[in-house]
Amino acid sequence: MSSSSAASAAKPPMRDALVAAAFQLFLERGYEQTTVDDIVALAGVGRRSFFRYFPSKEDVVFPDHERCLADMTAFLAASGEQDEPVRRVCDAARLVLRMYAENPAFSVQRYRLTKQVPGLRAYELSVVWRYERALAEYLRARLAGRPDGTLRADVIAAAVVAAHNNALRSWLRSDGKGDADAWVDHALGYVQTAFARPEPGPAAPAAAPAPAAPAARTGVGTWPERPDDVVVLVTRRDAPLWRMVRELEAALGRS
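Residues numbered from 1 in each chain as written. Predicted model: local features only at pLDDT ≥ 70, side-chain atom pairs only at ≥ 80, totals over all residues. Heavy atoms only, no water.

Student: Describe the overall build of the protein chain, with residues and values.
Tutor: Looking only at helices and strands, the protein chain features 11 helices and 0 strands. Counting from the amino terminus, helix and strand elements in the protein chain follow one another as α-α-α-α-α-α-α-α-α-α-α. A separation threshold of at least 6 residues defines the contact pool for the protein chain, and within that pool the share at least 24 residues apart is 64%. Put simply, the protein chain shows about 15,800 Å² of open surface, and 55% of that area lies on carbon and sulfur atoms. (Helix = DSSP H or I, 4+ residues; strand = E, 2+ residues; numbered from the N terminus. Contact = heavy atoms within 4.5 Å. Areas by Shrake-Rupley, 256 points an atom, 1.4 Å probe, with all protein chains shown as cover.)

Student: Outline the nonpolar core, supporting the account with residue identities and numerical values.
Tutor: The biggest cluster of nonpolar side chains holds 64 residues, and the ones touching the most others in it are Phe26, Val61, Met72, Leu135 and Val160. Elements represented by at least two residues in this core include exactly α2 (14-29), α3 (36-43), α5 (65-77), α6 (85-101), α7 (104-116), α8 (118-142), α9 (149-173) and α10 (180-195). (Core = buried A, V, L, I, M, F, W, Y, C linked by side-chain atoms within 4.5 Å. Buried < 20%, exposed > 50% of the residue type's maximum accessible area, 1.4 Å probe, protein only.)

Student: Any details on the packing of α6 against α8? Residues and values, ideally.
Tutor: Interaxial distance between α6 and α8 falls to 10 Å at its minimum, and their mutual angle equals 155°. The angle between the axes of α6 and α8 places the two elements in the roughly antiparallel class. Of the two elements, α6 crosses α8, and the hand of that crossing is right-handed. Between α6 and α8, the contacting residues are Pro85, Arg88, Val89, Ala92, Val96, Met99 and Tyr100 on the first element and Glu124, Tyr131, Leu135, Tyr138, Leu139 and Arg142 on the second. For the contact of α6 with α8, the class distribution of residues is 10 nonpolar, no polar and 3 charged. (Axes fitted to C-alpha atoms, helices over the stretch in contact; angles between N-to-C directions. Parallel < 35°, antiparallel > 145°, perpendicular 65-115°, else oblique. Left-handed = near helix turned anticlockwise from the far one by under 90°. Nonpolar A, V, L, I, M, F, W, Y, C, P; charged D, E, K, R; others polar.)

Student: I'd like a description of α3, backed by residues and values.
Tutor: Listing the buried residues of α3 in full gives Val36, Ile39, Val40 and Ala43. All buried residues of α3 fall inside an arc of 90° around its axis, so they share one side. If you follow the buried residues of α3, they end up packed against α2 and α4 (47-53). (Arc of directions from axis to C-beta.)

Student: So what about the side chain of His65? Which residues, and what values?
Tutor: Within the secondary structure, His65 sits in helix α5. Polar contacts involving the side chain of His65 include one to the side chain of Tyr131, which spans 2.7 Å. (Polar contact = N/O pair within 3.5 Å; in protein donor to acceptor, adjacent residues only side chain to side chain.)

Student: Tell me about the packing of aromatic side chains, and please be specific about residues and values.
Tutor: Counted according to the given criterion, the structure contains 7 aromatic pairs. The interplanar angle of 50° and the centroid separation of 5.6 Å between the aromatic rings of Phe50 and Phe54 together place this pair among those described as tilted. Overall, Phe50 belongs to the buried group, its relative accessible area being 0%. Residue Phe54 is classed as buried on the basis of its relative accessible area of 2%. Plain terms: the ring middles of Phe62 and Tyr123 are 5.2 Å apart, the flat faces sit at 20° to each other, and that makes the pair stacked. Placement of the pair is Phe62 in the loop between α4 and α5 and Tyr123 in helix α8, with a sequence separation of 61 residues. Pair check on accessibility: Phe62 and Tyr123 agree, each one buried. (Phe/Tyr/Trp six-rings, centres within 6.5 Å; stacked < 30°, edge-to-face > 60°.)

Student: If you had to explain the pattern of salt bridges to someone new, which residues and values would you point to?
Tutor: Oppositely charged side chains may form a pair once their charged atoms are brought near each other. Counted under the stated rule, the structure contains 11 salt bridges. The partner of Arg29 in a salt bridge is Asp38, and the shortest N-O contact between them spans 3.1 Å. Looking at Asp38, the relative accessible area reads 22%, which means it is partly exposed. Through salt bridges that share partners, Arg67, Asp71 and Glu102 make up one connected network. (Salt bridge = Lys/Arg side-chain N within 4 Å of Asp/Glu carboxyl O.)

Student: Summarise the environment of Leu120; cite the residues concerned and give the values.
Tutor: The residue Leu120 is located in helix α8 in this model. Sequence separation between Leu120 and Glu58 is 62 residues; the distance between their C-alpha atoms is 6.7 Å. Discounting residues that sit within four places of it in the chain, Leu120 has contacts with Tyr31, Glu58, Val61, Phe62, Leu113 and Thr114.

Student: Before we move on, can you summarise the packing of α8 against α9 with the specific residues and values?
Tutor: Closest axis-to-axis distance for the α8/α9 pair is 8 Å, and the angle between their directions is 140°. Considered as vectors, α8 and α9 are oriented oblique to each other. Here α8 and α9 pass one another in a crossing that is right-handed. Along its contact with α8, which presents Val128, Glu132, Leu135, Ala136, Leu139 and Arg140, the element α9 presents Thr150, Ala153, Asp154, Ile156, Ala157, Ala158, Val160, Val161 and Asn165. Here the contact of α8 with α9 is composed, by residue class, of 10 nonpolar, 2 polar and 3 charged.

Here you go:
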């Protein structure tokens, strides 16, 4: 292999080079003080190359979210009827965690930067909302036709995002040194306990035959064989209260 080919192979892809240059400048100068021109100058490319990969300076801070959102959408679309919906969206959220865990140092660096820049926090909220919307759309389709299906879908999607982000931020605050998977599994476990259908257990033993119903005494109630038996009184809607009481007493043999 020639020296020029070796140098080309060793050179990081342009997209990665732009991200590396941007964060180097953000750390040295600050986010607000760094321009796109500064980034492309350090990366050794033109402005057109930057905008080929990133629509704005904000997007270079979150370079992998579009890919992750596409992966999540495809994962949910590949679901089958046998997949329990709540467990499925929890597994989809773990794809986001995997993206962060691929490069802990970069994720921690981005977390610190985002905390310092209000514009980036707002941008991050818009990204989170897109994840939540993808989860909610999947759940709405799976829960369609059920009572409060849309409400339930939206609540579960919000709960999944809240639980995932709580654990993710705890991991980031530890400088990426903790067990991110364990923290996220623990947080999402709360969501599954609250909303997921329970796994089918072993078949219950056959119930004993129900005892024969006691004979009716008056045609308007049943005689209580035991003190905790239930008495059913059938009467007209417009019957006066005193008549219902008298009929009940007659059924109980207290006339």
